[in-house]
Amino acid sequence: MAATRLMPSDESRALIDMTREVCRKELAPQVDAFERVGGFPEQAFRTLGELGLLSLPYPEEFGGGGQPYEVYLQVVEEIATVWMSVAVGVSVHSLTCYPLAEYGTDEQRRAFLPDMLSGSQLGGYCLSEPDSGSDVGSMTTAATLDADGGGWTLEGTKAWISHAGHADYYTTFARTADTGPKGISCFLVPAGTPGLSFGRPEDKMGLHGDPVAQVIFENARIDADRLLGAQGQGMAIALHALDNGRLGIAAAATGLAQSALDAATTYAMERRQFGRPIIDFQGLAFLLADMEAAVTSARAAYLYAARLKDAGRPYTKEASVAKLVSTDAAMKVTTDAVQVFGGYGYTRDFPVERYMREAKVTQIFEGTNQIQRLVISRQLIRERG
Amino acid sequence: MNIVVCVKYVPDTQAERTFNASDNTTDRVNVDGLLSELDEYAVEEALKIVEAGEGVVTVVTVGPAQASDALKKALQMGADKAVHVIDDAIHGSDALATSLVLAKAIEKVGMPDLVLTGMSSTDGIMGVVPTMLAERLGLPAVTFASDLTVGADSVTARRDGDAASQTIEAALPALVSVTDQINEPRYPSFKGIMAAKKKPVETWGLADLGLSADEVGLDAAWTKVTAFEARPPRQQGTIVKDEGDGGGKLASFLAERKFI
Ligand SMILES: Cc1cc2nc3c(=O)[nH]c(=O)nc-3n(C[C@H](O)[C@H](O)[C@H](O)COP(=O)(O)OP(=O)(O)OC[C@H]3O[C@@H](n4cnc5c(N)ncnc54)[C@H](O)[C@@H]3O)c2cc1C
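Residues numbered from 1 in each chain as written. Chains lettered and ligands numbered in written order. Predicted model: local features only at pLDDT ≥ 70, side-chain atom pairs only at ≥ 80, totals over all residues.

Peer 1: Break down the overall build of chain A for me, citing the residues and quoting the values.
Peer 2: When its secondary structure is counted, chain A shows ten helices and ten strands. Over its C-alpha trace chain A gives a radius of gyration of 21 Å, about what one expects of a compact globule, namely 21 Å for 385 residues. Long-range pairs, those at least 24 residues apart, make up 73% of the contacts in chain A between residues at least 6 apart in sequence. (Helix = DSSP H or I, 4+ residues; strand = E, 2+ residues; numbered from the N terminus. Rg over C-alpha atoms; globule rule 2.2 N^0.38 Å. Contact = placed C-beta atoms within 7 Å.)

Structure below.
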C-alpha cells in the first residue's frame with residue numbers, strides 16, 4: 001500500500017505522484033532481473049536525473065530543487081519501496097554534494113555545483129578505508145600540497161566506495177597532517193584524475209545494483225581549488241555530511257520495510273492453511289501488526305529529524321536515532337516477511353529474501369548501529385553541558 | 001504553431017470505479033482520477049511539435065472541479081496554458097454535448113492551427129468526440145494517427161490498420177486524434193512541476209461560452225444509461241488433474257473453446 005503522506009505543498013504532492021509513477025513504470029520492471037545479475041543501474045539514474053530527482057535538497061540557484069529534507073527524504077523512501085539499490089544511490093549522491101554545498105566557497109560552488117546537481121552526474125563518497133571503518137579518524141590516505149601551493153597529490157586506498165568506477169567525481173577525505181582526526185581535509189576529485197584507479201567490485205550479500213569497490217589514489221594530482229573547507233576541517237565536514245546521509249539511509253530503509261510489509265500482508269490474505277487465510281490466525285496477524293508498527297515508527301523517526309533540520313534546529317542525535325530505528329525496523333520487518341511467506345519466502349521466487357539481504361547492510365553503512373548509539377549517547381552527555 | 005489539446009479527467013483504471021445510483025452516470029467525484037492516459041499521447045505530440053518549432057500549447061478540459069488535476073498534469077508536462085470549463089449543468093452530458101462545449105471553448109481560446117486529442121477516453125471509450133468536434137469547428141478530422149508530420153500548411157498522418165497502413169494528408173487547420181503508438185509521453189520533471197504553478201489556468205462556465213444549460217447535461221443527452229450491474233465475479237478456473245492424460249485434456253479444453 002502506498003504510504004499516506006502529509007506533504008507540505010502542492011508541488012511536493014505532485015513530486016510524490018511523479019516519483020511513484022516513474023518508479024512503477026520505469027524502475028519496477030527492471031529490478032528483479034537487475035538485482036540477480038548485478039551491475040550499475042546507469043539508466044535508472046539517468047531517468048531520475050532528467051526528472052530532477054537527484055538534486056532535490058539543494059538550492060535552486062545551483063540547479064537543485066530547493067526542497068526541504070522532509071520532502072526529499074519521502075522521495076527517497078518511495079524509490080526504495082521499488083528499488084533499494086537506486087534509493088541508496090540517490091542518498092549517496094546527495095551526500096557527495098553536501099561538503100561542497102555547505103563548505104565550499106562561492107567561487108567553488110559556482111564552478112562545480114551546477115554540474116553535480118544537473119542530474120547527469122553521480123558522485124562517490126570516499127571516507128572508509130580497509131583499516132579505517134568506524135574509526136574514521138585513523139585514516140591513512142594522505143594529501144600533500146605542492147611546494148608552490150599549486151595543487152594536491154593524493155596517495156592511499158579507500159574501501160567500500162559506492163559507485164566506484166562509475167561516478168563522475170569523488171568527494172574524498174584525506175590526511176593533510178599527522179594530528180589524528182584534526183588532520184583530515186576534504187577534496188573534490190574528478191573521475192578522470194590521472195593516478196585514480198578502482199578495485200574489483202566486492203562480492204556482496206545483496207544490494208547488487210550498488211557496486212562498491214576500492215578507490216585507489218596513486219600519485220593522483222588535483223588542482224588547489226579542489227580543497228573544500230579549511231585544512232583540518234575534514235572530520236567535521238564528514239560527520240555533518242553523515243548526519244544528512246543517515247537520514248537518507250533511514251528513509252530508504254523505511255521504504256524497504258514498507259515493501260516487505262506490503263508483500264507479506266498480501267500473501268497472508270491469499271495463502272490458506274487449515275482451511276482459511278493465514279492472516280486469520282492471530283499468531284500471524286500480530287506479527288504483521290508489529291511490522292506495521294515498526295514501519296510507521298521508522299517513518300516518524302526520520303521525518304521528525306528532517307523537520308528539525310528543515311527548521312534550522314540541531315538534529316545530529318535525531319538523525320542517528322532515525323538511522324538506528326529505521327534500519328533495525330527494516331531488518332526485523334524483512335526477516336518477519338520471510339517468516340510470513342514460510343518456505344516460499346526462502347526462495348528467490350519471491351522478493352522478500354532479497355529485501356532481507358538488502359536490509360542487513362543498512363545496519364552497517366554510514367556508521368554501524370553501534371556507532372549510532374555512540375553518537376546518541378555522546379549527544380546526551382553534550383546536552384547536559 | 002498554436003495547438004489546442006483536449007484532455008479528459010477520468011477515474012483511475014486501477015481504482016474501484018462505480019456509477020452514481022441516482023442517475024446512472026459515471027462517479028467522477030468519489031474516485032481517484034487522473035489525466036486520461038490516452039490523452040497524454042496528444043499532449044506529448046503537441047509538446048514535440050512546438051519544441052521543434054515554436055508556438056503555444058493550450059490544454060482544454062470539460063469536467064468537475066477535480067478535472068483541474070488533468071490540466072495540472074498537462075501543464076507539468078510542459079503545456080503553456082489551460083482552460084477548465086466547469087458548470088454543474090454539464091453533468092451527464094453525452095458525446096454530442098461534450099463536443100459542443102469543447103468547440104465553443106476552442107473558439108473562445110482562438111482558432112488554433114491544430115487541435116489534438118487522444119483516440120478515446122479510458123472511461124467512456126466511445127472515441128467519437130474528436131470527429132464531432134472537427135465537424136463543429138469545420139476542420140478536417142484525421143483520426144487514429146500513429147505517426148504525425150506537421151508541415152507549414154498541412155499535416156501528414158499514418159493510420160495503422162490490421163493489414164495495411166494509410167497515409168493521410170490534411171490541410172491546416174485540422175483536428176488529429178492520436179493513438180498510443182505515436183510516442184512515449186514524458187513524465188513531468190520536477191522543474192516542470194515547479195513551472196506549472198505559475199502557468200495561467202482560465203475557468204469558464206457555460207455562460208462564458210454563450211451556451212445555455214438546456215443544450216447540455218443529462219436531459220439533453222441523446223443516449224441514457226438505463227441500468228448498470230456489477231459484472232459477476234470471475235469464476236474459478238478449471239483445474240485439470242494429470243493422470244497421464246493431462247495433455248489430451250488440456251487440448252480438448254482449448255479445442256472446445258475454439259482456441260485451437
Ligand atoms: C554496501 C556498502 C556500501 C558502502 N558504501 C560506502 C561509501 O560509499 N563510502 C564510504 O566511505 N564507505 C562506505 N561503506 C563503508 C561502511 O561505512 C563501513 O563498512 C562501516 O562504516 C563500518 O566499517 P567497517 O566495515 O570497517 O567495520 P568496523 O569498523 O571494523 O566494525 C566492525 C564491528 O565492530 C563494531 N565497532 C567498531 N567500533 C566500535 C565501537 N567503538 N563500539 C562498539 N562497536 C564498535 C562495529 O559496529 C561492527 O559491528 C560501505 C559499506 C558497505 C557494506
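Peer 1: Can you lay out the environment of Tyr58 of chain A for me, pointing to particular residues and giving the numbers?
Peer 2: Residues and elements named next belong to chain A. Within the secondary structure, Tyr58 sits in the loop between α2 (42-50) and α3 (69-82). Between the alpha carbons of Tyr58 and Leu117 there is a distance of 7.9 Å; along the sequence they are 59 residues apart. The contact partners of Tyr58, leaving out residues within four places of it in the chain, are Gly64, Cys97, Ala101 and Leu117.

Peer 1: Would you mind going over the interface of chain A and chain B in detail, with residue names and values included?
Peer 2: Of the residues lining the interface, twelve residues belong to chain A; the matching set on chain B comes to nine residues. Among the elements that take part in the side of chain A that touches chain B, helix α1 (residues 10-37) of chain A stands out by supplying six residues, more than any other. Among the residues forming the side of chain A that touches chain B, the class breakdown is seven nonpolar, two polar and three charged. (Nonpolar A, V, L, I, M, F, W, Y, C, P; charged D, E, K, R; others polar.)

Peer 1: A description of the site of the ligand should follow, citing residues and the corresponding values.
Peer 2: Residues and elements named next belong to chain A. If you check the shell around the ligand, you find 22 residues, and the closest are Leu127, Gly133, Ser134, Thr368 and Gln370. Contributions of two or more residues to the shell around the ligand are made by β1 (123-126), β3 (151-162) and α10 (369-383). Per-class residue counts for the shell around the ligand are 13 nonpolar, seven polar and two charged. Structurally, the shell around the ligand is a two-domain feature, drawing no fewer than three residues from each of domain 2 (123-232) and domain 3 (236-383). (Near = placed C-beta within 6 Å. Domains from an automatic or database assignment.)

Peer 1: So what about helix α3 (residues 95-109) of chain B? Which residues, and what values?
Peer 2: All names here are of chain B. In a regular helix each residue adds 1.5 Å, so 15 residues correspond to 21 Å; α3 covers 21 Å between its end C-alpha atoms and thus fits that length. The buried fraction of α3 amounts to eleven of the 15 residues, a majority that puts the element mostly inside the structure. All of the buried residues in α3 are Ala95, Ala97, Thr98, Ser99, Leu100, Val101, Leu102, Ala103, Lys104, Ala105 and Ile106. Gly110, located one to two residues past α3, shows a positive phi value of around 115°. (Expected span 1.5 Å × (residues − 1). Buried ≥ 20, exposed ≤ 12 C-beta atoms within 10 Å, placed from the backbone.)

Peer 1: Please provide a residue-by-residue account of the packing of helix α6 (residues 234-270) of chain A against helix α7 (residues 282-310) of chain A, values included.
Peer 2: Residue and element names in this part refer to chain A. In contact at an axis separation of 9 Å, α6 and α7 are set at 160° when each is read in the N-to-C sense. Judged by the inter-axis angle, α6 sits roughly antiparallel to α7. Handedness of the crossing formed by α6 with α7: left-handed. Contacts between α6 and α7 involve Leu247, Ala250, Ala251, Ala253, Thr254, Ala257, Gln258, Leu261, Ala264, Thr265 and Ala268 from the former and Leu284, Leu288, Met291, Glu292, Ala294, Val295, Ala298, Arg299, Ala301, Tyr302, Ala305 and Ala306 from the latter. By residue class, the composition of the contact of α6 with α7 is 18 nonpolar, three polar and two charged. (Axes fitted to C-alpha atoms, helices over the stretch in contact; angles between N-to-C directions. Parallel < 35°, antiparallel > 145°, perpendicular 65-115°, else oblique. Left-handed = near helix turned anticlockwise from the far one by under 90°.)

Peer 1: With reference to specific residues and values, describe the packing of α3 of chain A against α7 of chain A.
Peer 2: Residue and element names in this part refer to chain A. Packing of α3 against α7 brings their axes to within 8 Å, and their N-to-C directions diverge by 145°. Residue-level contacts link Tyr69, Glu70 and Leu73 of α3 to Tyr302, Leu303, Ala306, Arg307, Lys309 and Asp310 of α7. Residue composition of the contact of α3 with α7, by class: five nonpolar, no polar and four charged.

Peer 1: With reference to specific residues and values, describe α1 of chain A.
Peer 2: Across its 28 residues, α1 of chain A extends 39 Å between first and last C-alpha, which sits within 8% of the 40 Å expected from 1.5 Å per residue. Where α1 of chain A bends most, at Leu27 of chain A, the angle is about 50°, and the proline Pro29 of chain A comes one to four residues later. (Bend = angle between axes of the 7 residues up to and from the residue.)

Peer 1: Any chance you could break down the confidence of the model for chain B for me, citing the residues and the numbers?
Peer 2: Model confidence for chain B is summarised by a mean pLDDT of 93, while 100% of its residues fall at 70 or above. Among the scores for the predicted complex, ipTM is 0.84 and pTM is 0.90. (pLDDT = per-residue confidence, 0-100.)

Peer 1: Hey, could you go over the sheet that holds strand β1 (residues 3-6) of chain B for me, with residue numbers and the actual values?
Peer 2: Residues and elements named next belong to chain B. Read from one edge of the open sheet, seven strands run β7-β11-β6-β1-β4-β5-β12, paired in parallel fashion. Every other strand in the sheet has two partners, leaving β7 (141-145) and β12 (201-204) as the edge strands with one partner each. Adjacent strand axes in the sheet meet at a mean angle of 20° when their direction is disregarded. Bridge count for strand β4 (residues 57-62) against strand β5 (residues 81-85) is five bridges, and the pairing is parallel. Within β5, the position partnered with Thr61 by the bridge is His84. Strand contacts of α3: β1, β4, β5, β6 (114-118) and β12, with the helix running at about 145° to β4, the strand carrying the most contacts. (Pairing = 2+ DSSP bridges.)

Peer 1: Describe the sheet that holds strand β8 (residues 147-150) of chain B, listing the residues and the values that go with them.
Peer 2: Residue and element names in this part refer to chain B. Spatially, the three strands line up as an open sheet ordered β8-β9-β10, and their pairing is antiparallel. Each end of this open sheet is capped by a strand with a single partner; those strands are β8 and β10 (165-171). Across this sheet, the average inter-strand angle for adjacent strands is 15°, counted without regard to direction. With seven bridges joining them, strand β9 (residues 154-160) and β10 adopt antiparallel strand pairing. Across the sheet, Arg159 pairs through a bridge with Gln166, a residue of β10.

Peer 1: I'd like a description of the nonpolar core, backed by residues and values.
Peer 2: One broad rule of soluble globular proteins: the nonpolar side chains tend to lie buried together. The biggest cluster of nonpolar side chains holds 195 residues, and the ones touching the most others in it are Ala257, Ala264, Tyr302 and Ala337 of chain A together with Val5, Ala74 and Val101 of chain B. The greatest single-element share of this core, amounting to 19 residues, is contributed by α6 of chain A. Among residues more than four places away in sequence, those in contact with Ala337 of chain A are Ala260, Leu261, Ala263, Ala264, Gly345, Val352 and Tyr355 of chain A. (Core = buried A, V, L, I, M, F, W, Y, C linked by C-beta atoms within 7 Å.)

Peer 1: Which residues make up the pairing of β5 of chain B, and what are the values?
Peer 2: Each regular strand displays side chains that alternate between the two surfaces of the sheet. The buried fraction of β5 of chain B is high, at four of five residues. You can see the chain leave β4 of chain B, run along helix α2 (residues 68-77) of chain B and come back into β5 of chain B, and the turn it takes is right-handed. (Right-handed = clockwise from strand over helix to strand, strands pointing away.)

Peer 1: Tell me about the environment of Asp153 of chain B, and name the residues and values.
Peer 2: All names here are of chain B. Looking at the secondary structure, you find Asp153 in the loop between β8 and β9. C-alpha separation for the pair Asp153 and Thr238, spaced 85 residues apart in sequence, amounts to 59 Å. The contacts of Asp153, once residues within four sequence positions are left out, are Ala171 and Leu172.

Peer 1: Tell me about the pairing of strand β7 (residues 212-223) of chain A, and name the residues and values.
Peer 2: Residues and elements named next belong to chain A. Alignment of β3 against β7, held across nine bridges, turns out to be antiparallel. Looking across to β7, one finds that Thr153 is bridged to Arg221. Of the pairings in the sheet, the one linking strand β6 (residues 196-198) to β7 comprises three bridges and is antiparallel in character. Bridging from a neighbouring strand, Phe198 pairs with Val215 of β7.

Peer 1: Tell me about the environment of Glu107 of chain A, and name the residues and values.
Peer 2: All names here are of chain A. Among the structural elements, Glu107 can be located in helix α5 (residues 106-116). Of the residues examined, Glu107 has 9 C-beta atoms within 10 Å and is grouped as exposed. In this structure, the C-alpha to C-alpha distance between Glu107 and Asp225, residues 118 residues apart in sequence, is 9.3 Å.

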